Amino acid sequence: TDDRRWGAWAAYTQQSQWQLYNDSGNASRPFRETNYMPELILAYKPDYAWGGLKWNLATLAFNHQSNGRSEVLSRSWDRLYTELGVERGNLAVLARAWYRIEEDDEEDDNSDITDYLGHGDLKAIYRWHGHSFQLGARASFGEGHGAVQAGWISPPLLGPFRGYVQLFSGYGESLIDYN
């Protein structure tokens, strides 16, 4: 049989923060910050139903995130995470928990990052007529920091290309401003 319940993945995400409005010369224009995030993921599809929910995702992953800068502006961290995902109709809910891999004090350029980004997040995705609506949140309960993010992905606009709009409030949208 062709059992596709297990998968091993390598992923790379690059996020650039545009800052078109700043012409003061003190900050980079048009990009304020670029974050790089390679990761290795081991995924399993349990394909288990319970109480109207379908459990279709379980992952274990290693993730590195950095801004590629040096000295005082350098930000990076490594973490291990696990993620579980359940579905019901057009709704998917993903819960992720992570553990930060500690660094030597001399090399750690953001030792308090989990005070602001916490140890996990929760995301809901609803699909409707080709649109996808996302709502996500994370909190660092002991420190009172967190973030909320809402997004909309359009149906295909031109071939496979889609539009994306995101609203974000809180800590950790980019590494340079995580705190």
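Each remark here, short or long, concerns the structure printed above.
**Brief notes about the layout of surface pockets**
A probe matching the size of a water molecule, rolled over the atoms, marks out where space remains unfilled.
Okay, step 1: Reported here for the largest pocket is a volume of approximately 1100 Å³.
Okay, step 2: If you go around the largest pocket, you meet 41 residues; those closest to its centre are Met37, Arg96, Asp121, Lys123 and Gln149.
Okay, step 3: Residues that form the lining of the largest pocket fall into these classes: 19 nonpolar, 12 polar and 10 charged.

**So, the pairing of strand S7 (residues 120–128)**
For a regular strand, side-chain orientation follows a simple rule: the groups alternate between the two sheet faces.
Okay, step 1: Pairing of strand S6 (residues 91–101) with S7 involves seven bridges; the strand directions are antiparallel. Its bridge partner lying in S7, Leu94 is registered against Lys123.
Okay, step 2: Here S7 pairs with strand S8 (residues 131–140) via seven bridges, running antiparallel. Note that in S8 the partner of Lys123 across the bridge is Gly136.
Okay, step 3: Between S7 and S8, which follow one another and run antiparallel, lie two residues, and His129 among them has a positive phi close to 50°.

**Concerning the environment of Tyr171**
Okay, step 1: Looking at where Tyr171 falls in the secondary structure, it is placed in the segment after strand S10 (164–170).
Okay, step 2: Assessed through its relative accessible area of 30%, Tyr171 is described here as partly exposed.
Okay, step 3: The sequence separation of Tyr171 and Ser140 amounts to 31 residues, and the corresponding C-alpha distance is 9.9 Å.
Okay, step 4: Those residues within four positions of Tyr171 in sequence are excluded, and the remaining contacts are Tyr116, Leu117, Arg138, His145, Gly146, Ala147, Tyr178 and Asn179.

**What to know about the nonpolar core**
Okay, step 1: Core analysis: the largest hydrophobic core is formed by 10 residues, namely Ile41, Ala61, Trp77, Tyr81, Trp98, Ile113, Tyr116, Leu117, Leu175 and Tyr178.
Okay, step 2: Among the elements of the structure, strand S5 (76–88) and helix H1 (113–117) are those that each provide at least two residues to this core.
Okay, step 3: Counting residues per element, this core draws most heavily on H1, at three residues.
Okay, step 4: Ignoring anything within four residues of it in the chain, the contact list for Ala61 reads Leu40, Ile41, Arg79, Leu80 and Tyr81.

**A closer look at the pattern of salt bridges**
Two side chains with opposite charge may pair up if their charged atoms get near one another.
Okay, step 1: On inspection of all chains with the given rule, the structure shows four salt bridges.
Okay, step 2: Among the ionic pairs, Asp121 bridges to Arg96, the shortest N-O distance being 2.6 Å. Residue Asp121 is found in strand S7, and its partner Arg96 is found in strand S6; the two are separated by 25 residues along the sequence.
Okay, step 3: In this structure Arg96 comes out as partly exposed when scored by relative accessible area, which is 21%.
Okay, step 4: Residue Arg100 pairs with Asp108 through a salt bridge whose shortest N-O separation is 2.8 Å. Comparing Arg100 with Asp108, the two get one shared label, buried.
Okay, step 5: Counted as one network, the salt bridges with shared partners bring together Arg100, Glu103 and Asp108.

How each quantity is defined
Residues numbered from 1 in each chain as written. Predicted model: local features only at pLDDT ≥ 70, side-chain atom pairs only at ≥ 80, totals over all residues. Heavy atoms only, no water. 1 Å grid on protein atoms, 1.4 Å probe; cavity = no way out; pocket = protein on both sides within 12 Å on 5 of 7 lines; lining within 4 Å. Points joined across faces, edges and corners; volume = space filled by probe spheres on them. Nonpolar A, V, L, I, M, F, W, Y, C, P; charged D, E, K, R; others polar. Pairing = 2+ DSSP bridges. Helix = DSSP H or I, 4+ residues; strand = E, 2+ residues; numbered from the N terminus. Buried < 20%, exposed > 50% of the residue type's maximum accessible area, 1.4 Å probe, protein only. Contact = heavy atoms within 4.5 Å. Core = buried A, V, L, I, M, F, W, Y, C linked by side-chain atoms within 4.5 Å. Salt bridge = Lys/Arg side-chain N within 4 Å of Asp/Glu carboxyl O.

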